[in-house]
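Secondary and tertiary structure notes
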Amino acid sequence: MSAPRIPVTVVTGFLGAGKTTLLSNLIRDSKQRRLAILVNEFGEVSIDGALLRGEDGKVEIHDLSNGLVAYDDDEDFLPTMLALWQRRSVIDHVLIETSGLALPSAVMERLQGEALAPYFVLDATLAVVDTPLLLDGGFGQPSDTEQAVDASVAELFEMQLANADIVVLNKIDALDDDALLAAETRVRALAPSIRFIELAYDAKLDTRLTLGLHLHEPANTAHRHYGPVATMPGLAMRPLANQGLLDGHSHSGLGAHSHGLTTHKHFHEQDPGWQSFMIRSKEAQDAATLREAVAAIARSEPLLRIKGFAPPQDGAGRLLVQGVRSRIELSHEPDATPAKQAQLVFIGYHPSRPRIVEQLCKLTGTVWR
Ligand SMILES: Nc1nc2c(ncn2[C@@H]2O[C@H](COP(=O)(O)OP(=O)(O)OP(=O)(O)O)[C@@H](O)[C@H]2O)c(=O)[nH]1
């Protein structure tokens, strides 16, 4: 008898939606599953891989350097997956985090192709949504930036949703039920074929709602998608924890289905305006000064995402910088692997690298290049 195929969950979502945070929490909550995680970032250095690696030694993390995982020119994806299959006796489940600027359809197509289909089976595709941003009027930049960016970002976001089985409403900690219902309505309007909407309080999902769903297996028409929802921490008291409410669509006919895969040859592949670059400094940084500097840059440049590490001037470990649009968070992680140098990744639409370097040098009083 041939060995069972390894289930694969694809986690997609726009830049900064919370994919890595959700995965970190999943790793912590699913200790009984031996996970392999492929992390794909639009940038030359994997910040997310480093963050996930901090979680647990039992999980293996693979950084895929190509920001477009499984796209035509990604030469790493196939060998990485086949190597995982060779070690199938120690892997229960594979998770793939796509970069925020990629579509999951490329991975989904490759998994269904003849090279991988005998060994792997798509379990489900999750699209993680920055819910406050969705409610803010969508995925456009503030009004003073170009309309083209608005349209481009909105299009990518909608295509990520359209390819997903499950939409995860994330960053909902401060939202009331009316806001959640409004978000659900908006998601359903954008992606009417979505099967499930799930809520992630504090970027946490129950593993029973996330892994082992078998959504793409033909035999599973009478699927067992949800566990005992009422016992889930954090969800039981909320009106929307009633999956019947969330799940306005029929559950019947959940056999293998075609996703009607949309083309993934677009967005920054065709639009070189989308850029990602790393800026480094060998000097230790004062936390408050660096935060202010990055916040000022985020206000003045067309950036969607800033993340990275820096050695702290005071204390051990590293400073972690997390910026989504103009919201910048900086935390000191004293117990993390120390940062040898400061490395910040900037992702945006026509951002000026020289201007950002100049600002960083001026505002932090340290040398960046
Ligand atoms: N308030 C709040 N913040 C969150 C939540 N989930 C993630 N964040 C924050 O959002 C920022 C981005 O989170 P990530 O998990 O790195 O997002 P990502 O989707 O992996 O980002 P990219 O891979 O760069 O596209 C971080 O500062 C997180 O701490 C949440 O549920 N609530």
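None of the values given here were measured: they were computed from a predicted structure.

Considering the overall build of the protein chain
Along its length, the protein chain carries 10 helices and 12 strands. Contacts in the protein chain between residues far apart in sequence, at least 24 positions, make up 77% of those at least 6 positions apart.

With respect to the sheet that holds strand 4 (residues 93-97)
An order of 3-2-4-1-5-6-7 is seen for the seven strands of this open sheet, with the pairing classed as parallel. The sheet is open, and its two borders are formed by strand 3 (60-64) and strand 7 (196-199), each paired with just one other strand. For this sheet the average axis-to-axis angle between neighbouring strands, irrespective of direction, equals 20 degrees. Its contacts with the sheet put helix 1 (residues 19-29) on strand 1 (6-13), strand 2 (35-40), strand 4, strand 5 (120-130) and strand 6 (166-170), and the angle it makes with strand 4 is roughly 160 degrees.

What about the sheet that holds strand 8 (residues 274-281)?
Read across the open sheet, the five strands follow the order 8-12-9-10-11; overall the sheet is antiparallel. Only two strands of the sheet have a single neighbouring strand rather than two, namely strand 8 and strand 11 (327-333). Across the sheet, the mean angle from the axis of one strand to that of its neighbour is 10 degrees, orientation sign disregarded. With six bridges connecting them, strand 9 (residues 303-310) and strand 10 (residues 318-324) associate as antiparallel partners. The residue bridging Ile-306 from the neighbouring strand is Gly-323, located in strand 10. Helix 9 (residues 287-300) contacts strand 9, strand 10 and strand 11 of the sheet and is inclined by roughly 160 degrees relative to strand 11.

Section: the UniProt feature "domain: CobW C-terminal" (unreviewed entry) in the protein chain
Look at the UniProt record and you will see "domain: CobW C-terminal" (unreviewed entry) annotated at residues 274-364. For residues 274-364, helix accounts for 29% and strand for 42%, while the C-alpha atoms at its two ends are 26 Å apart.

A closer look at the site of the ligand
In the vicinity of the ligand lie 20 residues, with Gly-18, Thr-20, Thr-21, Gly-100 and Gln-322 positioned nearest. Elements that contribute at least two residues to the shell around the ligand include exactly helix 1, strand 9 and strand 10. Sorting elements by how many residues they give to the shell around the ligand places helix 1 first, with three residues.

Structural notes on the packing of helix 9 against helix 10 (residues 353-364)
At their nearest, the axes of helix 9 and helix 10 sit 9 Å apart, and the two run at 145 degrees to each other. Here helix 9 runs over helix 10; the crossing is right-handed. Of the residues in helix 10, those in contact with Thr-289, Leu-290, Glu-292, Ala-293, Ala-296 and Ile-297 of helix 9 are Ile-356, Gln-359, Leu-360, Leu-363 and Thr-364. The residue inventory of the contact of helix 9 with helix 10, partitioned by class, reads seven nonpolar, three polar and one charged.

Observations regarding unusual backbone geometry
Positive phi, normally seen in glycine, also occurs at Arg-325, with a value near 55 degrees. Tracing the sequence through the fold places Arg-325 in the loop between strand 10 and strand 11. In this structure, His-350 is a non-glycine residue whose phi angle is positive, near 55 degrees. With respect to the helices, strands and loops of the structure, His-350 is situated in the loop between strand 12 (342-349) and helix 10. The exposure class assigned to His-350 is partly exposed, which follows from the 14 C-beta atoms found within 10 Å.

Let's talk about helix 4 (residues 105-112)
Taking burial as the measure, the eight residues of helix 4 include six buried ones, the bulk of the element. Residues Ser-105, Ala-106, Val-107, Met-108, Arg-110 and Leu-111 constitute the buried set of helix 4. The secondary structure elements touched by the buried residues of helix 4 are strand 1, helix 3 (77-86), strand 4 and strand 5.

Some thoughts on the pairing of strand 12
Burial runs high along strand 12: eight of the eight residues are buried. Side chains of strand 12 alternate between two faces, with Ala-342, Leu-344, Phe-346 and Gly-348 and Gln-343, Val-345, Ile-347 and Tyr-349 buried alike. The sheet contact formed by strand 8 and strand 12 spans eight bridges and is antiparallel. Among the inter-strand pairings, Ser-281 is bridged to a residue of strand 12, identified as Ala-342.

Concerning the nonpolar core
The biggest cluster of nonpolar side chains holds 100 residues, and the ones touching the most others in it are Ile-37, Val-167, Val-168 and Leu-169. Top element by residues in this core is strand 5. It accounts for seven residues. Summarising the domain contributions, this core has at least three residues from each of domain 1 (6-246) and domain 2 (272-364). When sequence neighbours within four positions are dropped, the list of residues in contact with Val-168 reads Leu-22, Leu-126, Ala-127, Val-128, Val-129, Glu-198, Ala-200 and Leu-205.

Observations regarding helix 1
Burial analysis of helix 1 places eight of its 11 residues in the buried class, the great majority of the element. Of the positions making up helix 1, those classed as buried are Lys-19, Thr-20, Thr-21, Leu-22, Leu-23, Ser-24, Leu-26 and Ile-27. Those residues of helix 1 hidden inside the fold are in contact with strand 1, strand 2, helix 2 (47-53), strand 4, strand 5 and strand 6.

Remarks on the confidence of the model for the protein chain
For the protein chain, mean pLDDT is 80; residues scoring 70 or higher make up 77% of the total. No element of the protein chain has a lower mean pLDDT than helix 8 (residues 243-246), at 34, and none a higher one than helix 10, at 97. Scored below 50 in pLDDT, residues 220-266 shows 55 contacts in the model against residues more than four places distant or in partner chains. Scored as a whole, the predicted complex attains pTM 0.82, and scored at its interfaces, ipTM 0.99.

How each quantity is defined
Residues numbered from 1 in each chain as written. Predicted model: local features only at pLDDT ≥ 70, side-chain atom pairs only at ≥ 80, totals over all residues. Helix = DSSP H or I, 4+ residues; strand = E, 2+ residues; numbered from the N terminus. Contact = placed C-beta atoms within 7 Å. Pairing = 2+ DSSP bridges. Axes fitted to C-alpha atoms, helices over the stretch in contact; angles between N-to-C directions. UniProt positions renumbered as here; feature names shortened; annotations may be inferred. Near = placed C-beta within 6 Å. Left-handed = near helix turned anticlockwise from the far one by under 90°. Nonpolar A, V, L, I, M, F, W, Y, C, P; charged D, E, K, R; others polar. Buried ≥ 20, exposed ≤ 12 C-beta atoms within 10 Å, placed from the backbone. Core = buried A, V, L, I, M, F, W, Y, C linked by C-beta atoms within 7 Å. Domains from an automatic or database assignment. pLDDT = per-residue confidence, 0-100.

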